[in-house]
Amino acid sequence: MAATRWEKAQEYEKAYWKGVAERIAKGVGNQLTWYRNNAAKYKQLVVPHLRTPPDRVGEVVEVGSGPIGIATFFDLGRRHAVDPLADYYAQYGELSNLRDRSVQYVATQGEKLPFPDLFADLVIIENVLDHTQRPDLVMEEIRRILKPDGTLFFKVNIRTPLGTKIHRVLSRTGIDKGHPHSYSHASIRRTLEHHGFEIRWEHVDDYATAKKNDLASKRGKDRMKGVLGISEFWYTAVCWKR
């Protein structure tokens, strides 16, 4: 049976992170400091919107943590990091040794989170939804495990409406194996609202800047994104469960 787009995306992720681990081992890669840096920034964004005082936050779940995750540096509550490739990443010490041992890492998909209903005070999902097999089920699971007064930190790459349409074609044809799904600003807002989330704060990065950077890149793949109009830029939101 032919591999699904999601299965191909998972193989892409394995190859990417294997390369990262090998470069770190050779001393030519960084120590993935963006996890720590981003965790600090995200905590500043999230804390003002928590409906539970920070010192009373219990369970924090990161969906799609990758090999290390934001959770390992978030320092809030009891942290759980979920990723379908968690066990695969663990075999590379260059990656897994950077994990905080107090974080529970679980190898499973976001479509079937191993937590009871109304479990989490905070869910983090960063740069993940467009990589998943069933984004709708992932969002349903996040809503299921969040407490009524829970908070969602959400971040994903988006494109312009035209760029989204073009990218979907490229994804279906296997040209971009790592991203089975694509969103625009309007469609990602609809997704959040459809699944019962109230957007309390949001920020949209600048497409023109993203395109300019792609066109100036030394990488042919990046320049092609700029030419085709499919440059991605970040959408970030903090949401409450309605």
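Here the structure is shown first, and the text comes after it.
Residues numbered from 1 in each chain as written. Predicted model: local features only at pLDDT ≥ 70, side-chain atom pairs only at ≥ 80, totals over all residues. Heavy atoms only, no water.

Focus: the overall build of the chain
Counting its regular elements, the chain contains nine helices and seven strands. Scaling as 2.2 N^0.38, a compact globule of 242 residues should have a C-alpha radius of gyration of about 18 Å, and the chain matches this with 18 Å. For the chain, the C-alpha atoms occupy an extent of roughly 50 × 40 × 40 Å along the three principal directions. In the chain, buried positions account for 52% of the 242 residues. Expressed as a percentage of contacts within the chain between residues at least 6 apart in sequence, the contacts between residues at least 24 apart total 74%. Total accessible area on the chain is roughly 11800 Å²; 52% of this is exposed by carbon and sulfur atoms. Of note, the chain has its 38 positive side-chain charges centred 4 Å away from the centre of its 30 negative side-chain charges. (Helix = DSSP H or I, 4+ residues; strand = E, 2+ residues; numbered from the N terminus. Rg over C-alpha atoms; globule rule 2.2 N^0.38 Å. Buried < 20%, exposed > 50% of the residue type's maximum accessible area, 1.4 Å probe, protein only. Contact = heavy atoms within 4.5 Å. Areas by Shrake-Rupley, 256 points an atom, 1.4 Å probe, with all protein chains shown as cover. Lys, Arg positive; Asp, Glu negative; His and termini not counted. Charge placed at Lys NZ, Arg CZ, Asp CG, Glu CD.)

Side note on the nonpolar core
Within the largest apolar cluster, 31 residues are counted, with the highest numbers of intra-cluster contacts made by Ile-142, Leu-152, Phe-154 and Leu-192. Sorting elements by how many residues they give to this core places strand 5 (residues 146–158) first, with five residues. By size, the runner-up hydrophobic cluster in this structure holds 25 residues, among which are Tyr-35, Tyr-42, Val-57 and Leu-95. (Core = buried A, V, L, I, M, F, W, Y, C linked by side-chain atoms within 4.5 Å.)

Points about the sheet that holds strand 3 (residues 104–106)
The strand order across the open sheet formed by seven strands is 3-2-1-4-5-7-6, and the pairing between neighbours is mixed. What marks the edges here is a single partner per strand, and that holds for strand 3 and strand 6 (197–204). Neighbour-to-neighbour, the strand axes of this sheet turn through a mean angle of 15 degrees, independent of strand direction. Pairing of strand 1 (residues 59–63) with strand 4 (residues 120–126), which is carried by three bridges, proceeds in the parallel orientation. Bridge pairing in strand 4 links Val-61 to Val-123. (Pairing = 2+ DSSP bridges. Axes fitted to C-alpha atoms, helices over the stretch in contact; angles between N-to-C directions.)

Some thoughts on a nonpolar patch on the surface
A cluster of nonpolar side chains, Leu-215, Met-224, Val-227 and Leu-228, forms an exposed patch at the surface whose accessible area comes to about 360 Å². Among the elements that make up the nonpolar patch, the one with the highest residue count is helix 9 (residues 220–228) (three residues). Its place among the elements puts Val-227 in helix 9. (Patch = residues over 30% accessible without salt bridge, like charges linked within 9 Å, V, L, I, M, F, W, Y side chains within 5 Å. Salt bridge = Lys/Arg side-chain N within 4 Å of Asp/Glu carboxyl O.)

Things to note about unusual backbone geometry
In this structure, Asp-75 is a non-glycine residue whose phi angle is positive, near 55 degrees. Counting through the fold element by element, Asp-75 comes out in the loop between strand 1 and strand 2 (78–82). Even without being glycine, Asn-127 reaches a positive phi, approximately 55 degrees. Mapped onto the elements of the fold, Asn-127 is located in the loop between strand 4 and helix 5 (135–145). Asn-127 gets classed as partly exposed once you look at its relative accessible area, which sits at 29%.

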